[in-house]
There are 2 protein chains.
Amino acid sequence: MPRERKSARTRERILAAAAQVLSRKGWAGTRLVDIAEVAAVQAPAVYYYWPSREDLLAEVVTTGQQATLEHVVASLAALPADASALDRIDGAIAAHLEVVLRRSEFSLAAIRNAAQLPDDIRECQLVGQREYADVWRGLVEDAVAAGELTADVDTRAARMLVLGALNWAPEWWNPDRGSLEDVVATTQHVVRRGLTPH
Amino acid sequence: MPRERKSARTRERILAAAAQVLSRKGWAGTRLVDIAEVAAVQAPAVYYYWPSREDLLAEVVTTGQQATLEHVVASLAALPADASALDRIDGAIAAHLEVVLRRSEFSLAAIRNAAQLPDDIRECQLVGQREYADVWRGLVEDAVAAGELTADVDTRAARMLVLGALNWAPEWWNPDRGSLEDVVATTQHVVRRGLTPH
DNA sequence: AGCGTGTTCTAATCCATATTAGAAGAACGA
DNA sequence: TCGTTCTTCTAATATGGATTAGAACACGCT
């Protein structure tokens with residue numbers, strides 16, 4: 001294995017380990033030693049790749065945000081061009097749940113720690129968050145414009161309620177108790193009914 | 001002010017300060033110095049009332065859980081005896097949002113830190129959580145039994161989606177952008193539609 | 001006033017953990 | 001094989017923050 005490639009893999013291993021620990025222990029509780037143990041290196045190895053613990057953790061968070069955004073956007077792009085606005089919302093629900101429940105501890109780390117980031121990092125995190133919110137805002141606006149969604153509720157609140165339900169899923173979903181597909185289907189079902197007129 | 005009373009007030013002040021800091025900084029990031037500053041005492045004063053930082057924080061969490069449970073149960077008890085199952089769910093939604101958004105930083109601290117508690121504390125936290133979950137399970141079961149709720153979805157998943165939406169509300173709701181009453185109404189509206197047959 | 005008890009403070013202590021210094025190891029090219 | 005460079009390690013260092021010790025303070029009682 002060429003040098004450059006091995007080095008890159010170590011970096012990825014540390015980053016992934018950091019995501020795992022961060023998602024479980026919280027920002028302040030994430031120790032370099034724990035990350036190092038998971039990544040099978042010694043703690044100071046981290047400093048070869050990042051200037052500080054904080055930079056490493058910040059990268060985990062932004063990576064998590066990007067992973068979510070990109071997966072959702074990609075899933076939407078993969079839908080047939082004639083998908084209805086509600087179908088697109090279904091697609092976004094599925095993609096969000098997939099990334100948060102299966103694909104990425106990064107997303108989970110970003111979600112769970114959003115409220116406890118240091119101020120400077122919190123700020124640039126808010127930028128990414130706004131970007132992602134815009135995607136959902138667009139989805140909902142399209143649905144309203146298409147008349148596929150009830151106009152009788154505060155769309156911002158409705159949107160955030162849905163995102164909350166999705167972001168909370170990792171706290172209770174357990175692969176042993178039910179398949180991801182089932183959760184996705186149930187969520188789509190409930191949300192679709194919740195947002196459409198009777 | 002009698003001695004006993006003053007002492008009790010200091011204790012409450014420290015506990016409340018701990019809740020505030022804990023809800024913002026996370027379990028590991030909550031420093032005694034910060035708690036002390038908010039409570040307007042010096043850090044070692046904490047040890048007069050609690051044997052350790054961990055005991056203090058644990059009390060915050062259990063207090064938060066109890067506050068939520070009690071407020072919801074009390075609100076349900078205050079409903080007219082002939083309230084429908086769906087009305088009772090509406091009541092629980094309102095009560096949960098009230099406690100989480102307005103009444104108690106304790107609840108918020110408990111919610112936000114659930115995933116990062118040390119193992120021993122996590123365990124007794126799970127007990128309280130199960131107790132609260134039972135209340136909601138009861139509400140949903142009653143609604144299903146009364147035929148007021150669609151039988152075509154996984155009730156556990158539906159229940160957790162709703163609770164997720166509620167627990168996430170503190171992350172986005174801001175009293176300046178809309179009244180609590182509005183959020184409650186929207187939530188009730190969306191959830192009711194989401195759970196009832198078209 | 002003076003004593004005793006309950007409460008809070010100031011000044012250590014002590015440990016955990018981020019970070020730095022510099023050596024060892026491993027890959028690559030000559 | 002040897003030297004160079006990139007990567008990782010071991011062994012300090014340094015700091016922050018929980019905890020402890022014991023002094024000061026405050027209240028209530030006689």
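Every chain is numbered on its own, with residues counted from 1 as its sequence reads. Think of it this way: whatever chain is written first is A, whatever ligand is written first is 1, and the rest follow in order. The predicted origin of the model limits local features to residues at a pLDDT of at least 70 and limits the giving and counting of side-chain atom pairs to 80 or more, whereas totals for whole chains, interfaces and linings rest on all residues. Note that water and hydrogens are dropped before the side-chain values are worked out from all heavy atoms of the structure.

Draft legend 1. Inspection of the protein's contact with DNA strand C at higher detail. Near residues are defined by distance, with any heavy atom within 4 Å of the molecule or strand qualifying the residue. Near DNA strand C you find 20 residues, and of these Arg3, Arg31 and Tyr47 of chain A together with Tyr48 and Tyr49 of chain B are the closest. Among the atoms of DNA strand C lying within 4 Å of the protein, the sugar-phosphate backbone contributes 70%. Measuring from a phosphate oxygen of DNA strand C, one finds a side-chain N or O atom of threonine 10 of chain B at 2.9 Å. Each helix is a run of H or I in the DSSP string that is no shorter than four residues. Each strand is a run of E no shorter than two, and both are numbered from the N terminus. Listed by contribution, the elements that provide at least two residues to the surface near DNA strand C are α2 (32-39) of chain A together with α1 (3-25) and α3 (46-49) of chain B. Under this grouping Gly is polar, as are all residues other than the nonpolar Ala, Val, Leu, Ile, Met, Phe, Trp, Tyr, Cys and Pro and the charged Asp, Glu, Lys and Arg. Grouping the constituent residues of the surface near DNA strand C by class yields eleven nonpolar, five polar and four charged. Pairing of N or O atoms within 3.5 Å defines a polar contact, subject to two protein rules: one partner must be a possible hydrogen donor and the other a possible acceptor, and residues neighboring in sequence count only if both atoms are side-chain atoms.

Draft legend 2. Fine view of the packing of aromatic side chains. Two rings from Phe, Tyr or Trp (for Trp, the six-membered ring) form a pair when their centres are within 6.5 Å of each other. A pair whose planes differ by under 30 degrees is stacked, one over 60 is edge-to-face, and the rest are tilted. A full pass over the atoms with the stated rule returns four aromatic pairs over all chains. On the numbers, 5.0 Å between centres and 90° between planes, the contact of tyrosine 48 of chain B with tyrosine 49 of chain B is edge-to-face. Aromatic rings pair up to connect Tyr48, Tyr49 and Trp50 of chain A into one cluster.

Draft legend 3. Structural view of the interface of chain B and chain A. With 36 residues of chain B at the interface, the matching set in chain A holds 36 residues. Two parts lose some accessible area (1.4 Å probe) when they are put together, and adding that loss for both gives the buried area. Of the roughly 3,400 Å² buried between chain B and chain A, counting both surfaces, carbon and sulfur atoms make up 63%. On the chain B side of the interface with chain A, the three residues burying the most area are Leu161, Trp168 and Trp172 of chain B, jointly 22% of the side's total. What makes a salt bridge here is a side-chain nitrogen of Lys or Arg within 4 Å of a carboxyl oxygen of Asp or Glu, nothing more. Taken together, chain B and chain A are joined by two salt bridges. Between aspartate 152 of chain A and arginine 193 of chain B there is a salt bridge, with its nearest N and O atoms 3.5 Å apart. Working rule for contacts: check all heavy atoms of both residues, and any pair within 4.5 Å makes them a contact.

Draft legend 4. Expanded view of a negative patch on the surface. Residues and elements named next belong to chain A. A grouping of Glu54, Asp55, Asp119, Asp120 and Glu123 is seen on the molecular surface, where their side chains present a negatively charged patch. Listing elements by their share of the negative patch, those giving two or more residues are α4 (53-77) and α7 (119-145). The biggest single contributor to the negative patch is α7, with three residues. Here aspartate 119 shows up in helix α7. Note on patches: the residues involved have over 30% relative accessible area and no salt bridge, like charges join within 9 Å, and the nonpolar side chains Val, Leu, Ile, Met, Phe, Trp and Tyr join within 5 Å. Methods summary: accessible areas were calculated by the Shrake-Rupley approach with a probe of 1.4 Å, and residue burial reflects only the protein chains presented. Within this scheme the basic residues Lys and Arg register as positive and the acidic residues Asp and Glu register as negative, but His and the chain ends are omitted. Charge coordinates come from a single atom per side chain, which is NZ of Lys, CZ of Arg, CG of Asp or CD of Glu.

Draft legend 5. Summary view of empty space enclosed by the protein. Here the term cavity refers to a set of points on a 1 Å grid, laid over the protein atoms alone, in which a 1.4 Å probe fits but cannot get out; the term pocket refers to an open set having protein on both sides within 12 Å along at least five of seven lines, with lining residues being those that place an atom within 4 Å of a point. Grid points are joined across faces, edges and corners, and a volume is the space filled by probe spheres set on the points. Taken as a whole and judged by the stated rule, the model has four cavities of 30 Å³ or more. Computed from the structure, the largest cavity encloses a volume of approximately 230 Å³. Sorting the residues of the lining of the largest cavity by element identifies α1 (3-25), α6 (105-113) and α8 (155-172) of chain A together with α6 (105-113) and α8 (155-172) of chain B as the ones contributing at least two each. Its residues assigned to classes, the lining of the largest cavity comprises nine nonpolar, seven polar and four charged. Its volume calculated, the second largest cavity comes out at about 200 Å³. In this structure, the second largest cavity is lined by 15 residues; those nearest its centre are Ala165, Val190 and Val191 of chain A together with Val190 and Val191 of chain B. For the lining of the second largest cavity, the secondary-structure elements that each account for two or more residues are α8 and α9 (180-195) of chain A together with α8 and α9 (180-195) of chain B.

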